[in-house]
Amino acid sequence: MSSTKPHHHMKLRLLFAFCLFTLVACNQKEEEQYERIDQEVAVSDPNSWVKADLQCEEIQSADEDNPLAVVYLSQVEIQYVLDTVYTCSVIAPQMYTSFGVPRQALSACGGWWAGRGNFYYTLHEGDSITVMHARPVQSDTVDFRYTLLRRIPIAQSTADLPEDSYMP
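What you are looking at is a predicted structure, and each value in this text was computed from that prediction instead of being measured.

### A closer look at unusual backbone geometry
The phi torsion at Ala-114 lies on the positive side, around 50°, for a residue other than glycine. If you trace the backbone, Ala-114 turns up in the loop between β5 (107-113) and β6 (116-125).

Written out as structure tokens, the structure reads:
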């Protein structure tokens, strides 16, 4: 840039560019949220307010000899690490049946590595979230036998708590 322009003019322009950027970013986020809400409503789940997203974070990619991924459950502001696996990805609701996941599951994820699998799904049960886990072996008829991995209390955002719960 030529130094003839007054300094504050450039600042203003930067500010404008920044505002524009945040505007675009916000809109994208909102759109994604709307899409997700549409999907949830389609399932017509009475528990749609319960958030229990299973997520996968690759630490070492599958291109390496020993890939590594962490499976964690994301709830409101809390994240619980559930397991460490070779590879894993989130399973879309329309794919649940092919992985032996019940339709009312809140979320599911899993992956195959060297003929063995690790699959997970979450269920809303009472005041807790149940995390189920299966270790199928890849064969002609894959048997997903899910067993209970752990129970996690449902995180309520503090805004929903009744006043008296703050009492000692």
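### Describing the pairing of β6
Residues in a regular strand point their side chains to alternate faces of the sheet. A large share of β6 lies buried, amounting to 8 of its 10 residues. Note: β5 against β6, 7 bridges, orientation antiparallel. Its bridge partner being in β6, Gly-111 is matched across the sheet by Asn-118. Between β5 and β6, which pair antiparallel one after the other, the connecting turn spans 2 residues, and Ala-114 there sits at a positive phi close to 50°.

### Section: the sheet that holds strand β2 (residues 68-75)
Within a sheet, adjacent strands bond to each other through the backbone by hydrogen bonds, running parallel or antiparallel. Judged by pairing direction, the sheet is antiparallel, and its 3 strands sit side by side in the order β1-β2-β3 without closing on themselves. The open sheet has two edge strands with one neighbour each: β1 (53-60) and β3 (78-85). Each strand axis lies, on average, 25° off the axis of its neighbour in the sheet, ignoring direction. Looking at chain direction, β1 and β2 are connected through 7 bridges and run antiparallel.

Cut-offs applied
- Residues numbered from 1 in each chain as written.
- Predicted model: local features only at pLDDT ≥ 70, side-chain atom pairs only at ≥ 80, totals over all residues.
- Heavy atoms only, no water.
- Helix = DSSP H or I, 4+ residues; strand = E, 2+ residues; numbered from the N terminus.
- Buried < 20%, exposed > 50% of the residue type's maximum accessible area, 1.4 Å probe, protein only.
- Pairing = 2+ DSSP bridges.
- Axes fitted to C-alpha atoms, helices over the stretch in contact; angles between N-to-C directions.

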